[in-house]
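Spelled out, the chains give:
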Amino acid sequence: MSTSLKSTALYPHPFSKAYWRDAAAEVKDTKMLVACALLTALRIVLKPLAIPLGTDQLTIPISMLATALGAMIYGPILAVPSAIVSDVLGFFLYPTGDFFPPFTLTEIAGTVIFALFLYRANMTPLRVVLARFCICLGVNVVLQTPIFGWMYAWQGMADQAIDRMMALLTPARIFKNLCMFPLESVVVTLVLQALMPAAKRAGLIYCSNENMKFTAKEVKVLVALVCVGIVLAGGFLFYYYGNNSRSAGYSPEQRVEVNHAMTDLALASGDLGLDGETVVGIVDSAYRPLFGKNTDYTVSIYTVDDEALAEGMAADAKYGMDTLWGYSKSGPGKDPYGTMVKVAEVKMTVVEKTYELLNIQVNPVN
């Protein structure tokens, strides 16, 4: 496409036909395609790099800077293939965890959000702040959560998908995003401010960096967004932990540990009366307020049928007592050998840090 015929208009928002017409026209612009390819390659190269902020958990990914710059230059249409290529090639070059294609949707969403706020816009720090806020909460928390649930269902854990998905909405994860987005917004703003003059001279953007300095008003908006996010997240977390079991978020190792610990407490109380029996307790639920110290556990107590256990171990080398201790609430009912027989349901309140038993109620099962 001839640059002389290309529109250089700036738009206050993306809700216009002209905005999308110009974004679609970038696909026919050779210079823009080259810029998109180079910036996509840069995103891939920068994927393993991050700016550390004291711990491995608190870092600013450097590839985000290339993502923001590219989205500002080539817009939301080219943002989609750029995100797909970056995510897929980036994973195979720097693999982390399991490859699950729907996670590419988060890369696409993040890039497109940057483009909607930054492409063909009269650039201000407020646009960067709003873009990062939408990405941190809308993509990193809201969108990723059901994708994790989808992955669990795809891996054959459909019955646990909702519980595991909701368990991702932890205070650490939500507040990490809320705390990081102001710092990320400032870093992205400073980098774009420095690179915009060169991009404009190259004919890749049509706005200046004159307004890319934080004003008192924009600082207030940034602080207000942090406060709003904290209030919303705090309200959700108080509701969530008051109405959902923490056992849904146990890792396999945690589940074995807690099943053992609660069984030992129940047996030590002397209220079960199961001397001589092989006993396994499975935690059905564990309710603890967000900042509470005590956890209310419901534990199903099972006796083990030794003959059925031996039959299962003979049929499956991986089957054994470790299998039983690793069960969640639904596990015993699906045990293929009928090894476990429920004999009681125990409700107990435990001091979480010390596992001190405060009270216990045993309800035999007839």
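In the block above lies the structure referred to throughout.
Below, the structure is looked at part by part. Keep in mind that this is a model prediction, so the values were computed, not measured. (Residues numbered from 1 in each chain as written. Predicted model: local features only at pLDDT ≥ 70, side-chain atom pairs only at ≥ 80, totals over all residues. Heavy atoms only, no water.)

### Concerning the sheet that holds strand β4 (residues 294-304)
Whether parallel or antiparallel, the strands of a sheet pair through hydrogen bonds between backbone atoms.
Then comes step 1: Taken in spatial order, the four strands line up as β3-β4-β5-β6 in an open sheet, and their pairing is antiparallel. A strand with exactly one partner marks an edge of an open sheet, and here the two such strands are β3 (279-287) and β6 (356-364). The average undirected angle you get between the axes of adjacent strands in this sheet is 25 degrees.
Then comes step 2: Pairing of β4 with strand β5 (residues 340-351), which is carried by 11 bridges, proceeds in the antiparallel orientation. Looking across to β5, one finds that Y302 is bridged to K342.
Then comes step 3: Together, β3, β4, β5 and β6 form the strand contacts of helix α9 (residues 252-268), whose direction differs from that of β3 by roughly 105 degrees. (Pairing = 2+ DSSP bridges. Helix = DSSP H or I, 4+ residues; strand = E, 2+ residues; numbered from the N terminus. Axes fitted to C-alpha atoms, helices over the stretch in contact; angles between N-to-C directions. Contact = heavy atoms within 4.5 Å.)

### Section: the packing of helix α2 (residues 30-46) against helix α3 (residues 63-93)
Then comes step 1: At their nearest, the axes of α2 and α3 sit 7 Å apart, and the two run at 45 degrees to each other. Classified by the angle between their axes, α2 and α3 sit oblique to one another. Here α2 and α3 pass one another in a crossing that is right-handed.
Then comes step 2: Counted by class, the contact of α2 with α3 contains 16 nonpolar, seven polar and one charged residues. (Parallel < 35°, antiparallel > 145°, perpendicular 65-115°, else oblique. Left-handed = near helix turned anticlockwise from the far one by under 90°. Nonpolar A, V, L, I, M, F, W, Y, C, P; charged D, E, K, R; others polar.)

### Remarks on the environment of D29
Then comes step 1: Tracing the sequence through the fold places D29 in the loop between α1 (17-25) and α2.
Then comes step 2: A relative accessible area of 5% means that D29 is categorised as buried.
Then comes step 3: It is 9.8 Å that separates the C-alpha atoms of D29 and Y74, two residues lying 45 residues apart in sequence.
Then comes step 4: Looking at D29, its side chain comes within polar contact range of the side chain of K6, at 2.7 Å. (Buried < 20%, exposed > 50% of the residue type's maximum accessible area, 1.4 Å probe, protein only. Polar contact = N/O pair within 3.5 Å; in protein donor to acceptor, adjacent residues only side chain to side chain.)

Read these as geometric descriptors, not functional statements.
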